[in-house]
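# Results of the structural survey
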Amino acid sequence: MVQLYVFGHPFETDAVVQSVSETAGNPPIGTIATTHGFSFTHTLEAQDVVYGLGEANRGINKRGFRYVNHCSDTPSHTEDLSSLYAAHNFIVLSGTNHIGLFFDYPTTITFDIGYTQQDTLSVTCDSANLKLYVIQGASAYDVVKEFRSLIGPSYIPPKFAFGFGQSRWGYKTRKDFERVVQEHRKHHIPLDMVYMDIDYMEDYKDFTVNSEEFPDFPAFVQEMREQGVHLVPIIDAGVKIEKGYPVYEEGVQKGYFCKREDGSDFEAAVWPGLTHFPDVLNPEVRQWFGNWYRVLVDAGIDGFWNDMNEPAIFYSPEGLAQVKTSMERYLADSTGALSHHSVLDALNRLSNSSEDYQRFYHKVQGEWVRHDRVHNLFGYNMTRAAGEALAQLAPDRRILLFSRSSYIGMHRYGGVWTGDNMSWWSHILLNIKMMPSLNMCGFLYCGADLGGFGCNTTRDLLLRWLAFGVFTPLMRNHSALGTREQEFYQFENPQDFRHIISVRYRLIPYLYSEFMKAALGNDLYFKPLSFLYPNDPLACEVEDQLMIGNEVMVAPVYQQNATGRYVYLPEEMLFVKFCPDGTLTQTVLPAGVHHVSVALNEVPLFIRQGHTIPLAQPCETVADLSTQPLECIGYSGATYTLYDDDGMCRSCTLEGHTTILIKE
Ligand code: GLC
């Protein structure tokens, strides 16, 4: 059951697609105050678990921390960080009752989930103009499914996007890209995508390609395709200010950029230097900006990643002027009264500053809306612009699209990657914990930078992370400029990497089926154990194991130098290891706690009692994946419903695309 409570005059975010009539009176739980901004307060019972918040820090159970949903360009995801790139304002309180709460509110909102007071949930924001959806169900899982049908179907990428992608910030020349492909092919490491970071562009200008390096870009794209590789370029939010650059010229002339209060176009420095932000909250601008993707689609491109769309601001001219003033004051001070901290503080406040977010405006239905009042909707609408346009440009096929920043609603247009993580062991665990929460908020096509983006990776970290990445729909190795090179062929024994990636390809029939069932049935691809074993108190506390689809459980190793790990089985399961020589070990383990050994070059998974999963033969691209014959592993006599399609149809249904497999 869904109830809607409306406070003040909410901004229409288009997060929800179902029409729900407003309920009068007070929500069934919580105390609401609207005198100073908005606050929702509710007392949590000791046993209540709080799920949700999508891309957020910490655990699957969100209790015990304060999360500030404010889309932020934050490169260092330490444990105390309260804001990441996304704002997914949906939580589920699960205890005696199971209640979902979606605070549909376009800017900064704080979820204090037992941080200030252990037993108190308080959700607060500055303005009492919002919609609150309250969903009651028989279980947390039920509530999530209801929420998912409220917000509409999740984005479905083309099937090739379930292959492996190699990326690095710094690939610049034709040779750089060719080398990646050659090395993967040479070592027979499967590969379907190579990502193009900002250096493919001409001076970081969106929808341009460096013509010196790529004199005939469509031919290059085609050449790569012939080797089975899709190039996936990045698109950034800021449009470079440069005379003669058509995107800039046209945007200025049509008045399509975000404006300052005085009507001039707001300027923000990002990678290209000073840029303007397209006003993607305006549908006309969305159509215009989205149409620019055509330049690359016409060149044969069928995948994009949208970045810097919180939007990230390195500095604004106004902010820089303030820093200069504070420096001048400091230098002119001969009394020693001014500390160098005044300058340092000013410098630290320069990027992504709240003052800058108050300096520009969007035009929404003829009204000017200051950016800070709708901040969390920018990345969503940039990706929506792309998604809507790509549906027009390529009506008969799916295009790969994912974004760094997002808000609920964006899940209908694209997936997400979890931004600039680090080559830290703790970030494997964070990756594991974030996936089911993202699914709860509709984001099914998701993944992290495997091996870690920032810092220098190590071979063992990369191998362990990949063994989990085998199961994330988006499987991409991405790293930052200046860090240790992280392609598999940079390390000793690349065959270990080949093996792990090959297992991914062998599992695609299962992973794709489960993804499609989740996408088409408003269900989850990643589930916490508690969603399947709600009556098992031990299962309910497990946060480092996940259910993948309906058949499989994973328990990744995320500790350096470990030769295995402890795992909790809520029921009997078949423990399967994919060994580097191509064989499988299969051991039935009874319910309970076990220590399982897993070598660095093995991929472990668990099949639930009475279930079976399909396995394809190894291959090097998704296009070469053969589903006939499929091998089945698991329990004899068990059946599996396989979903398959041509990998690109936009209006697919479960009916007509499934076959039943039986394990002999
Ligand atoms: C941002 C992105 C990262 C990318 C870099 C350069 O930090 O999050 O993935 O490599 O910008 O474009």
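See above for the structure.
Conventions used here
- Residues numbered from 1 in each chain as written.
- Predicted model: local features only at pLDDT ≥ 70, side-chain atom pairs only at ≥ 80, totals over all residues.
- Heavy atoms only, no water.
- Phe/Tyr/Trp six-rings, centres within 6.5 Å; stacked < 30°, edge-to-face > 60°.
- Helix = DSSP H or I, 4+ residues; strand = E, 2+ residues; numbered from the N terminus.
- Buried < 20%, exposed > 50% of the residue type's maximum accessible area, 1.4 Å probe, protein only.
- Lys NZ or Arg CZ within 6 Å of the ring centre and 35° of its normal.
- Contact = heavy atoms within 4.5 Å.
- Core = buried A, V, L, I, M, F, W, Y, C linked by side-chain atoms within 4.5 Å.
- Domains from an automatic or database assignment.
- Salt bridge = Lys/Arg side-chain N within 4 Å of Asp/Glu carboxyl O.
- Near = heavy atom within 4 Å.
- Polar contact = N/O pair within 3.5 Å; in protein donor to acceptor, adjacent residues only side chain to side chain.
- Areas by Shrake-Rupley, 256 points an atom, 1.4 Å probe, with all protein chains shown as cover.
- Nonpolar A, V, L, I, M, F, W, Y, C, P; charged D, E, K, R; others polar.

### Some words on the packing of aromatic side chains
Counted under the stated rule, the structure contains 49 aromatic pairs. Taking the centre distance of 5.6 Å and the plane angle of 75° together, the rings of F40 and F103 count as edge-to-face. Of the two residues, F40 sits in strand β3 (residues 38-43) while F103 sits in strand β8 (residues 98-104), which places them 63 residues apart along the sequence. Accessibility assignment for this pair places F40 and F103 in one class, buried. When the centroid spacing of 5.9 Å and the interplanar angle of 75° are considered together, the rings of F162 and Y445 count as edge-to-face. One end of the pair, F162, is in the loop between α1 (140-151) and β12 (164-166); the other, Y445, is in the loop between α11 (426-440) and β24 (446-447), with 283 residues separating them in the sequence. When its relative accessible area of 2% is taken as the criterion, F162 is described as buried. Exposure remark for Y445: the relative accessible area of 0% places this residue in the buried category. The rings of F162, Y195, W305, F402, W417, Y445, F468, Y512, F515, Y525, F526 and Y643 are connected pair by pair, giving a single aromatic cluster. Over the ring of Y245 we find K205; its NZ or CZ atom is 5.5 Å from the centre of that ring. One residue, R476, lies across the ring of W417, its end atom 5.3 Å from the ring centre.

### What to know about the environment of W292
Tracing the chain through its elements places W292 in the loop between α5 (283-291) and α6 (294-297). When its relative accessible area of 15% is taken as the criterion, W292 is described as buried. Sequence separation between W292 and V247 is 45 residues, and the spatial gap between their C-alpha atoms is 8.0 Å. Excluding residues within four positions of it along the chain, W292 makes contact with F207, P246, V247 and E250.

### Some points on the nonpolar core
Formed by 177 residues in total, the largest nonpolar core has its most connected members in F90, F217, F304, L400 and L507. When residues in this core are grouped by element, the largest group, 14 residues, is from helix α13 (residues 494-520). Counting the residues that make up this core, at least three belong to each of domain 1 (2-151) and domain 3 (511-662). Core analysis: the next-biggest nonpolar cluster, separate from the first, contains 27 residues, F7, L53, A56 and L130 among them.

### Re the pattern of salt bridges
Applying the stated criterion to the full structure yields 31 salt bridges. The network of salt bridges with shared partners includes D73, D307, E310, R404 and D420.

### Regarding the site of the ligand
If you check the shell around the ligand, you find 13 residues, and the closest are D197, D307, R404, D420 and H478. Here D420 contributes a side-chain N or O atom positioned 2.5 Å from an oxygen atom of the ligand. Alone, the ligand offers 310 Å² of accessible surface; in the complex the protein occludes 98% of this. Looking at the shell around the ligand residue by residue, the classes come out as 8 nonpolar, 1 polar and 4 charged.

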